[in-house]
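Next come the chains, spelled out residue by residue.
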Amino acid sequence: MLLLLPAGPAGCSGPGARPPADGSAPGAGSRAPSAATGGEEGAGHWRPEPGTPWQWQLSGRVDTSVDVPVYDIDGFENDAETVARLHADGRKVICYINAGAWEDFRPDRDDFPRAVRGRGNGWPGERWLDIRRTAVLRPLMARRMDMCRDKGFDAVEPDLMDGYLNRTGFPLTARHQLAYNRMLAELAHERGLAVGLKNDLPQIPELVGSFDFAVNEECAEFGECAALTPFVEQDKAVFHAEYALDPDDYCAESRRLRLSSLRKNLSLDAWLRPCP
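Please read these numbers as outputs of a predicted model, since none were measured by experiment.

A. Just the pattern of salt bridges, in detail. Applying the stated rule across the entire model yields 19 salt bridges. In this structure, the salt-bridge partner of aspartate 108 is arginine 144, at a minimum N-O distance of 2.8 Å. Residue aspartate 108 is found in the loop between strand S7 (101–103) and strand S8 (117–120), and its partner arginine 144 is found in helix H2 (residues 134–150); the two are separated by 36 residues along the sequence. The salt bridge partner of arginine 138 is glutamate 190, with a shortest N-O separation of 3.6 Å. With arginine 138 in helix H2 and glutamate 190 in helix H3 (residues 174–190), the pair connects residues that are 52 residues apart, well separated along the chain.

Structure, rendered in structure tokens:
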């Protein structure tokens, strides 16, 4: 999915994971470290630590041979057996869902009323959601997170969490986005899932306490990686991907900031080039 304003393109899933058509909360209680998964357990959900290596694959059959402790894969396109296979190899698994746009290729597409579907977001078959309509969207997102939980995922990555920065067709404000993003974090935690804040850099100071990790695209290309420091200061991982820059251009800064950085193809297939 595409961010049409300053940030770079967000990860897209579904059939083929297309390029854009237009070009364009800390947990309470004690925690026991888990070296195998680069994180800690407690408060009913996992929390990955800064610098934890990861793989992000949203298109094609998941390559389970990548030797990293964390996988982020599409929640609809992968079954419980795939999650179990990754768990058997000692991985934690993040469930990608789209929380900010309607997708015409998802099995629950007819559950979204036309009134909540806004402008196209640059990816075929997708339209921004009216996140002000929480009475409509909350049960729909709850069912998607139920799916993640029931398949055995450890965490959820809700995508497109910054519609207020884009031309959605709705008069969305920062206040609407804060309320919606906090709702998503609450839904995940109610199900024992960790949850990541996807992009939305301007609201990190207000949201870092509600989220267990961050997922970011292209902060190096746009000179924004330092904005993710609040997550690292709370001992929470920042899973970071670049699409255009060579790792030599950003890995030194990533190591200094303790980001989990890699280069990916825009299609988010199995290929990756992590920072050394």
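B. Structural detail: the environment of valine 68. Mapped onto the elements of the fold, valine 68 is located in the loop between strand S4 (54–57) and strand S5 (70–74). With a relative accessible area of 9%, valine 68 lands in the buried category. Sequence spacing of valine 68 and arginine 91 is 23 residues, and the spatial spacing of their C-alpha atoms is 7.3 Å. Among residues more than four places away in sequence, those in contact with valine 68 are Pro53, Trp54, Gln55 and Arg91.

C. Seen up close, the state of the cysteines. Throughout the structure, instances matching the rule amount to three disulfides. There is a disulfide in this structure between cysteine 95 and cysteine 148, and the S-S distance comes to 2.1 Å. Its S-S torsion of approximately -60° makes the covalent link between cysteine 95 and cysteine 148 left-handed. One end of the pair, cysteine 95, is in strand S6 (residues 92–98); the other, cysteine 148, is in helix H2, and 53 residues separate them in sequence. Exposure class is identical for cysteine 95 and cysteine 148. Each is buried. The disulfide partner of cysteine 251 is cysteine 275, and the S-S distance across this bridge is 2.0 Å. Measuring the twist about the S-S bond at about -85°, one finds the cysteine 251-cysteine 275 disulfide to be left-handed. Taken as a pair, cysteine 251 in helix H6 (residues 251–257) and cysteine 275 in the segment after strand S15 (272–274) lie far apart in primary sequence, 24 residues in all.

Scoring rules and cut-offs
- Residues numbered from 1 in each chain as written.
- Predicted model: local features only at pLDDT ≥ 70, side-chain atom pairs only at ≥ 80, totals over all residues.
- Heavy atoms only, no water.
- Salt bridge = Lys/Arg side-chain N within 4 Å of Asp/Glu carboxyl O.
- Helix = DSSP H or I, 4+ residues; strand = E, 2+ residues; numbered from the N terminus.
- Buried < 20%, exposed > 50% of the residue type's maximum accessible area, 1.4 Å probe, protein only.
- Contact = heavy atoms within 4.5 Å.
- Disulfide = S-S within 2.5 Å.

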